[in-house]
Amino acid sequence: MPSYVITGASRGLGFEFLRQLSEDPAAVVIGLVRNKDATEKRVSSEIGRSNIHILHGDLEDYKSLKKAAEDTAKITGGSLDYLIANGAFISGKSGFLTFNDLADDPEGLEEDLLKSFKTNVVGNIHLFNYFLPLIRKGEAKKVISISTGIADYDLVRDIELDTSGAYTTSKAALNLAVVEYHAQFHNEGILFFSISPGVVATDGQNVATDNKSEKELENSQKMFGKFAKYAPHFKGPITPEESVKLVMKVIYNASLERGDGGSFVSHLGTRQWL
Ligand SMILES: NC(=O)c1ccc[n+]([C@@H]2O[C@H](COP(=O)([O-])OP(=O)(O)OC[C@H]3O[C@@H](n4cnc5c(N)ncnc54)[C@H](OP(=O)(O)O)[C@@H]3O)[C@@H](O)[C@H]2O)c1
């Protein structure tokens, strides 16, 4: 009876994890969301399976994460197999602007950076801490951080990506935090690692491109141009369904024995991000 907790399960990839993982009637699938009632309604109308449980969990509020871990323990009997840290703040403000483009808006820049770090780094560190006792008692013992290819130093340097800095630096910081958790807990047989889901057609994708200035649209075209150069086969975003299938395959295959602890790979299970 595998058990899963997925954060940011209200929409996008998180909702698709709920859908695919609950296909196994023996699985217990728990989604953490900020809007419990709305997500429960959506789950019941679009998926309608009784093995899905929705709990309140806001990455900006560690008390809600502590309570979610307590409530998860009541559902699962105290253990957890897979923790999928999927929820994230994907900044629209700096999506296609550089740090320096925001030099004349220091307050906005600071707000953007602090929110990105509070949600994507601090929030996930609290999440890992509160759920660790459950993971210790689980069978699979896997903690997965959903990262992004544009948090990979080599890729950013190679394609000269200069935008989305609040988001990319917060995800890079999270990657490093995951490595530190790996350093501390691999001896207990717990696998921590980071995985990028590819470029996926979700709100998270659109937030960066909707309602943009001319400069941002120009920068966005430049970025997709750089992606095309990096991966000439890249034709555009994949669907959440495709992404989650590939990501779960990587998650199920990954193990400490194979050397995956603390690693950072793509939905393809490699360092090819697109
Ligand atoms: N889509 C892509 O192309 C892509 C590429 C690379 C990496 N990723 C990563 O994949 C993951 C899922 O992205 P997505 O595309 O599905 O994004 P999305 O559609 O924007 O969904 C983001 C999810 O995160 C939740 N969230 C935001 N702030 C939160 C907070 N403070 N506490 C708890 N949950 C919060 C949102 O909940 P609300 O509904 O309450 O806002 C939503 O469920 C993210 O980690 C993202 O960085 C996505």
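The rules behind these values
Residues numbered from 1 in each chain as written. Predicted model: local features only at pLDDT ≥ 70, side-chain atom pairs only at ≥ 80, totals over all residues. Heavy atoms only, no water. Helix = DSSP H or I, 4+ residues; strand = E, 2+ residues; numbered from the N terminus. Buried < 20%, exposed > 50% of the residue type's maximum accessible area, 1.4 Å probe, protein only. Lys, Arg positive; Asp, Glu negative; His and termini not counted. Salt bridge = Lys/Arg side-chain N within 4 Å of Asp/Glu carboxyl O. Contact = heavy atoms within 4.5 Å. Axes fitted to C-alpha atoms, helices over the stretch in contact; angles between N-to-C directions. Parallel < 35°, antiparallel > 145°, perpendicular 65-115°, else oblique. Left-handed = near helix turned anticlockwise from the far one by under 90°. Nonpolar A, V, L, I, M, F, W, Y, C, P; charged D, E, K, R; others polar. Pairing = 2+ DSSP bridges.

Engineer: Please give an account of the side chain of Lys-141 that cites residues and values.
Structural biologist: Residue placement: Lys-141 occurs in the loop between α4 (106–136) and β5 (142–146). Buried charged residue Lys-141 carries no salt bridge. Nearest counter-charge: Glu-139, at 7.1 Å. Lys-141 has contacts with Asp-81, Ile-135, Arg-136, Glu-188, Gly-189, Ile-190 and Leu-191, leaving out every residue within four places of it along the chain.

Engineer: Give a detailed account of the packing of helix α1 (residues 12–21) against helix α9 (residues 240–253), specifying residues and quantitative values.
Structural biologist: Angle between the axes and distance between the axes are the two parameters that describe a pair of packed helices. Taken N-terminus to C-terminus, the directions of α1 and α9 make an angle of 65°; their axes are 9 Å apart at the nearest point. Taken together, α1 and α9 sit at an angle that is classed as roughly perpendicular. The two elements α1 and α9 meet at a crossing, and its hand is right-handed. Between α1 and α9, the contacting residues are Leu-13, Glu-16, Phe-17, Gln-20 and Leu-21 on the first element and Pro-240, Glu-241, Ser-243, Val-244, Lys-245, Val-247, Met-248 and Tyr-252 on the second. The residue inventory of the contact of α1 with α9, partitioned by class, reads eight nonpolar, two polar and three charged.

Engineer: Requested: an account of the sheet that holds strand β7 (residues 264–266), with residues and values cited.
Structural biologist: Strand order in the open sheet formed by seven strands is β3-β2-β1-β4-β5-β6-β7, with parallel pairing between adjacent strands. The outermost strands of the open sheet, each flanked by one partner alone, are β3 (52–56) and β7. Going across the sheet, the axis of each strand differs from the next one's by a mean of 20°, ignoring polarity. As paired elements, strand β1 (residues 3–7) and strand β2 (residues 28–33) share five bridges and run parallel to each other. In the strand pairing of β2, Val-5 is matched with Ile-30.

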